[in-house]
Structures are given as C-alpha cells and as structure tokens.
Amino acid sequence: MSRRLFGFSRQLLARALRLRCPRCGEGKIFRRVLTYSEHTHCPRCGLRYDPHGESLAFMYVSTAFLTGVMVIVMLFMHPESIASGRMVVIPIALALYVSTLPVRKALAIALNYLNHPLP
Ligand SMILES: [Zn+2]
C-alpha cells in the first residue's frame, strides 16, 4: 500500500514540476506562467484546482521556508558591509520567490489533490 502511495506521490510531483493537472497530467495549471494567470479548472478533465483556497497556506509556508534558506545563506556570507550584503541577498531572494512561484503553486495543488483525490 505504501509503495503504491509512493508511486502516486512521485507521479503527482512530476506533474507539478511540469505545471500540469495532478489528476490527468495533461491540462495546464497556468494560462500564462509569466503573468501568473492560472486556470480555475483543468482544461482537459475539469478538475477544480483549488476549490477551498487551501493552496494559499502552502504558499505562505513555502515562502517562509525560502526565507529561512535565505537567512542561512546570509549567515554564511561575510560581506564587507551590511549594505553590500543586502545588495546581493535581496535581489536573489526576490528572484527566488518570483521564479519558484508557479512551481510552488503547482506543488500546493498536487498536495491538495493527494489529500483529497476526487474522482
Ligand atoms: Zn486534468
């Protein structure tokens, strides 16, 4: 049973990384990734992606996790001044937050689907 769940989880992870529907693996989650405009339902199978708005919590947690990663990076940096350290860390952090946003949203939808697989 756990082996089956592991395989199912791997499949959902692969679909999330491709920004595809967790149920059918074909429908796109986003209309346009760069503008972050997303579909409410899968265009292929009709799965409602975020029926209760639960993915927002995952977005907060993953943003907090990335912030923690950036704090750890800052602890290992030894810039000449705090200002120069900020000039490096802040753009990297913002780029990291923005560039991972679609994948984090897709992971949230996949985790939601894993917890509540609808027929
Ligand atoms: Zn679908």
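As a starting point, this report considers the structure included with it. (Residues numbered from 1 in each chain as written. Predicted model: local features only at pLDDT ≥ 70, side-chain atom pairs only at ≥ 80, totals over all residues.)

Brief notes about the overall build of the chain
Reasoning step 1: A tally of helices and strands in the chain yields three helices and two strands.
Reasoning step 2: Written out in order from the N terminus, the α and β elements of the chain read α-β-β-α-α.
Reasoning step 3: Taking 14 Å as the expected radius of gyration for a compact globule of 119 residues, we find that the chain reaches 17 Å, considerably beyond that expectation.
Reasoning step 4: Considered along the principal axes of its C-alpha atoms, the chain spans approximately 55 × 35 × 20 Å. (Helix = DSSP H or I, 4+ residues; strand = E, 2+ residues; numbered from the N terminus. Rg over C-alpha atoms; globule rule 2.2 N^0.38 Å.)

Let's talk about helix 1 (residues 2-17)
Reasoning step 1: Over its 16 residues, helix 1 runs 22 Å from end to end, which matches the ideal 22 Å to within 8%, given 1.5 Å per residue.
Reasoning step 2: Those residues of helix 1 that sit buried are Leu12, Arg15 and Ala16. Projection of helix 1 onto a plane perpendicular to its axis shows the buried side chains occupying an angular sector of 100 degrees, all on one side. Along helix 1, exposed side chains directed more than 90 degrees from the buried face belong to Arg3, Phe6, Gly7, Arg10, Ala14 and Leu17.
Reasoning step 3: Just past helix 1, the residue leucine 19 takes up positive phi, approximately 60 degrees. (Expected span 1.5 Å × (residues − 1). Buried ≥ 20, exposed ≤ 12 C-beta atoms within 10 Å, placed from the backbone. Arc of directions from axis to C-beta.)

A look at the nonpolar core
Reasoning step 1: Membership of the largest hydrophobic core comes to 13 residues, with the highest contact counts inside it found for Ala16, Ile29, Tyr49, Ala106, Leu107, Ile109 and Ala110.
Reasoning step 2: For this core, the secondary structure elements donating two or more residues are helix 1 and helix 3 (82-115).
Reasoning step 3: If one sorts the elements of this core by residue count, helix 3 sits on top with six residues.
Reasoning step 4: Here alanine 110 is in contact with Leu12, Leu13, Arg15, Ala16 and Pro22, once residues within four sequence places are set aside. (Core = buried A, V, L, I, M, F, W, Y, C linked by C-beta atoms within 7 Å. Contact = placed C-beta atoms within 7 Å.)

Thoughts on unusual backbone geometry
Reasoning step 1: Backbone geometry places leucine 19, a non-glycine residue, at a positive phi of 60 degrees.
Reasoning step 2: Positioned with a positive phi, tyrosine 36 is a non-glycine residue whose angle comes to about 60 degrees.
Reasoning step 3: Position of tyrosine 36 among the secondary structure elements: in the loop between strand 1 (30-32) and strand 2 (37-38).

What to know about the packing of helix 2 (residues 55-76) against helix 3
Reasoning step 1: Packing of helix 2 against helix 3 leaves a shortest axis separation of 9 Å and a crossing angle of 150 degrees. Looking at the two axes, helix 2 sits roughly antiparallel to helix 3. The handedness of the crossing between helix 2 and helix 3 comes out as right-handed. Across from Ser55, Phe58, Met59, Ser62, Thr63, Leu66, Met70, Val73 and Met74 in helix 2, the residues of helix 3 making contact are Gly85, Val89, Ala93, Leu96, Tyr97, Arg104, Lys105, Leu107, Ala108, Ile109, Leu111 and Asn112. (Axes fitted to C-alpha atoms, helices over the stretch in contact; angles between N-to-C directions. Parallel < 35°, antiparallel > 145°, perpendicular 65-115°, else oblique. Left-handed = near helix turned anticlockwise from the far one by under 90°.)

Brief notes about the packing of helix 1 against helix 3
Reasoning step 1: Contact pair helix 1 / helix 3: the axes reach a minimum separation of 8 Å and the direction vectors enclose 150 degrees. Taken together, helix 1 and helix 3 sit at an angle that is classed as roughly antiparallel. For the element pair helix 1 and helix 3, the recorded crossing hand is right-handed. Taking contact as the criterion, the partners of Ser9, Leu12, Leu13, Arg15, Ala16 and Leu17 in helix 1 are, on helix 3, Val103, Ala106, Leu107, Ala110, Tyr113 and Leu114.
Reasoning step 2: Each residue belonging to the contact of helix 1 with helix 3 can be placed in one class, and the counts come to ten nonpolar, one polar and one charged. (Nonpolar A, V, L, I, M, F, W, Y, C, P; charged D, E, K, R; others polar.)

Quick look at the environment of leucine 75
Reasoning step 1: Summarising the element assignment, leucine 75 is placed in helix 2.
Reasoning step 2: The spacing of leucine 75 and glycine 25 is 50 residues in sequence and 40 Å in space, taken between C-alpha atoms.

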